[in-house]
Amino acid sequence: MRILRRQKLATQTSAIAAVTLLFLSLIFGWLQSSKEVNLAITIKQREIQALATTLASTVLDFMLDQNLAAIENILLNSSRFPDMHALLITDHVGNILSEVRKDTETHTFSPTFRNSALSPPADSSVKFYPDHNPIDYWQKISYAGEDYGWVVIIIDKAFIKTVRDDTLLAALLYGAAMMIAGFLIIHITLNLRLRSLQHCTDFAENLVSGQHNQLSENQGSSELDGLANSLNIAAAKLNQQKQKIDEKTALLESKNKQLFNRIKELNCIYKLSNILSLNDITLQQRLEQIVALIVQTWQHPDLTSVRITFSDHTVLSDNFTESEYQVRSSIQSDGIDIGKLEVFYGKSTEEPSSSPFLKEEHYLVDEICHRLALYFKREQLTQQLVTQNDQLEQRVHERTLELIDAKVRAENANQAKSDFLSRMSHELRTPLNAILGFSQLVLLNHKHSEDGELTEQIEHINNSGNHLLTLVNEVLDLARIENNKLLLQLEPVNLAEIVDRTLPMVLESASQRGITITADESIRKIPNIIADRQRLQQVVINLLSNAIKYNIDDGEIFLSSSISKDNNSITVTIRDTGIGLSNEELERIFEPFERINHDYTVDGMGIGLTITRSLVQLMQGNIGVVSTPGKGSKFWIELKIVEKKYQSMVG
Ligand code: ADP
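Summary of the structure given here. (Residues numbered from 1 in each chain as written. Predicted model: local features only at pLDDT ≥ 70, side-chain atom pairs only at ≥ 80, totals over all residues. Heavy atoms only, no water.)

**Some points on the pattern of salt bridges**
Next up, step 1: A complete count under the given rule lists 22 salt bridges for this structure.
Next up, step 2: Taking the shortest distance from any N to any O, the salt bridge between Glu402 and Arg399 comes out at 2.7 Å. Of this pair, Glu402 and Arg399 both sit in helix α6 (residues 359-445), three residues apart, which is roughly one turn of the helix.
Next up, step 3: The class for Glu402 is partly exposed, based on a relative accessible area of 44%.
Next up, step 4: Residue Arg480 pairs with Asp477 through a salt bridge whose shortest N-O separation is 3.8 Å. Of this pair, Arg480 and Asp477 both sit in helix α7 (residues 452-482), separated by three residues, roughly a single helical turn.
Next up, step 5: One continuous salt-bridge network, built from bridges that share partners, spans Arg307, Glu322, Arg328 and Glu342. (Salt bridge = Lys/Arg side-chain N within 4 Å of Asp/Glu carboxyl O. Helix = DSSP H or I, 4+ residues; strand = E, 2+ residues; numbered from the N terminus. Buried < 20%, exposed > 50% of the residue type's maximum accessible area, 1.4 Å probe, protein only.)

**Quick look at the environment of Thr430**
Next up, step 1: Relative to the helices and strands, Thr430 is located in helix α6.
Next up, step 2: Sequence separation between Thr430 and Leu469 is 39 residues; the distance between their C-alpha atoms is 10.0 Å.

**Brief notes about the sheet that holds strand β1 (residues 84-91)**
Next up, step 1: Here we have five strands laid out as an open sheet, ordered β3-β2-β1-β5-β4, and antiparallel in their pairing. Two strands bound the open sheet, and with one partner strand each, they are β3 (109-111) and β4 (137-143). Going across the sheet, the axis of each strand differs from the next one's by a mean of 15°, ignoring polarity.
Next up, step 2: Examined bridge by bridge, strand β2 (residues 96-102) and β3 share three bridges and lie antiparallel to one another. Residue pairing for β3: Lys102 is matched across the bridge by Phe109.
Next up, step 3: In the packing of helix α2 (residues 68-78) onto the sheet, the strands contacted are β1, β2 and β3, and the crossing angle to β2 comes to about 30°. (Pairing = 2+ DSSP bridges. Axes fitted to C-alpha atoms, helices over the stretch in contact; angles between N-to-C directions. Contact = heavy atoms within 4.5 Å.)

**Focus on α7**
Next up, step 1: Across its 31 residues, α7 extends 45 Å between first and last C-alpha, which sits within 8% of the 45 Å expected from 1.5 Å per residue.
Next up, step 2: Downstream of α7 by a residue or two, Asn484 has a phi angle that is positive, lying close to 55°. (Expected span 1.5 Å × (residues − 1).)

**Examining the pairing of β1**
Next up, step 1: Taken across its eight residues, β1 has seven buried, putting it largely inside the fold.
Next up, step 2: The pairing of β1 with strand β5 (residues 146-155) spans seven bridges and is antiparallel. Bridging from a neighbouring strand, Ala86 pairs with Ile154 of β5.
Next up, step 3: Looking at chain direction, β1 and β2 are connected through five bridges and run antiparallel. Bridge assignment links Ala86 to a residue of β2, and that residue is Arg101.
Next up, step 4: Between β1 and the antiparallel strand that follows it, β2, lie four residues; Gly94 among them carries a positive phi value of about 105°.

Now the structure itself:
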């Protein structure tokens, strides 16, 4: 097979070389033929020149004698000149005097006088005419400086083709000879060289396939001998490398085995984790799965027996057999043994050592025990957590019930309180109104009495009664607000009118302590607002009373108002120069019955601001306060402005 391939290669190479040689020969022949043709033409021209010169001198005498027959004879004799086509004698202007021409069929020459004229070259030095046909030759016939005519020689141009064909044929033959010779030489040489190369190739292939023999260095040429030497060195090195590779392969195989065992170990731990985290299976089922897993994982499953003793359970593998070949570990939680794991190999094990178990298998037993201990601990904690959770839930439930009960009781108590306040107020108002009525009646009867002391006492009863009535009314209002029973009548109200009515009511108590009240003119310029007239008056009185009550002697109160930017609401501000309130106190003042750190020298129940805020909110407004302890407070209420079209409707 290889020999065939080698011969095929040699044949192909030789053929390519031979064809190349042939091709080169043809190119050479072609170039050579051009040269040959030129040479043949030059020789032919020289011969023609000699013939023409001879003819010119020969025919001159006969021309002078006008002996055309002799001229014709001479021309016929000269026509034997090789490749001659025609011979002509003309007079000096080109009129043909005598002519012999070859018959193309018989190839014989005969006179063919046609009584016609040719055009001789203008320049007599031009012998060949016309230029493109160097074979037509014109030789002037002259004597003693006078021109008598022309000798015209026309050569058959076929001779040029003959010369070219001959040359090409020779080149072709030469090329063919070269081709055959080249083919044979190259083929034989290549065959010989390739045979040596083949030895080297075979050797190299053997090297690759692992046969590291030595190669004879006598391969027939110095290069191939060198190659053989190099290949021998390579073979020696390859031998060394192969030994190293064999060693490394052995090492890798052992590592691979270790790795395999390690993977098995890891796989076992992974599966163990899965089993331990499975939900909805009993401890018995869990332990059975672990036993089956250990059997599968061990090096000789068919010889492996497993026993797990754990938390009142003992689980054995199928066909359990105890033997002296065993590995065991205990399961410990908080330093206390809670179980153990034992793995046995059947007696028929062929392992020679006293401990046939792999290192990894020893680790595994410990690791499984460790994980079972963790599982036990986790289960314990989970159980505790569940118990605690249950207890917590129970407590939350109980507490919720208590709270619901407390809430119901508080609501009931609140309702009872509101009812009581409401009833009380009503009950108090009736006798109070009677007291006030009678005291006023008595006052009226004693109007002109001389007894000033009695009049003063009755007035005192009347004032106290009025004060009491205010307090009772406030409590009644609070009860109504808490029961959502306070109904307001919202209508367009003029603030200036409210202020005008309210100020006189508080002026006296203010002037008693030297407090001045200044109402800003802005109050008169604001549009009507939406409010309950009576209740708004109550709000303003409340805020003014507080501003007086919690002011310093000779203090000041400023009343002003402003319109919001969007023209939708007004803000009424009552500012005093009184004791002021801290931030912490401010948070409490609107709560019912909250009085800030007073030693009860100032009258009040602590519900004025609670009622005020509820009233403002029922009038769809807002209330707020800013204060600085020792400097004074600023209370403000914001109420909606009546729409423009209803502005004139003030009740
Ligand atoms: P009362 O005036 O009857 O105590 P209020 O509800 O009107 O109840 O006020 C609650 C508390 O707010 C008052 O006890 C007082 O401490 C504080 N307070 C109200 N207005 C002012 C004010 N203008 N300056 C300082 N403290 C005030």
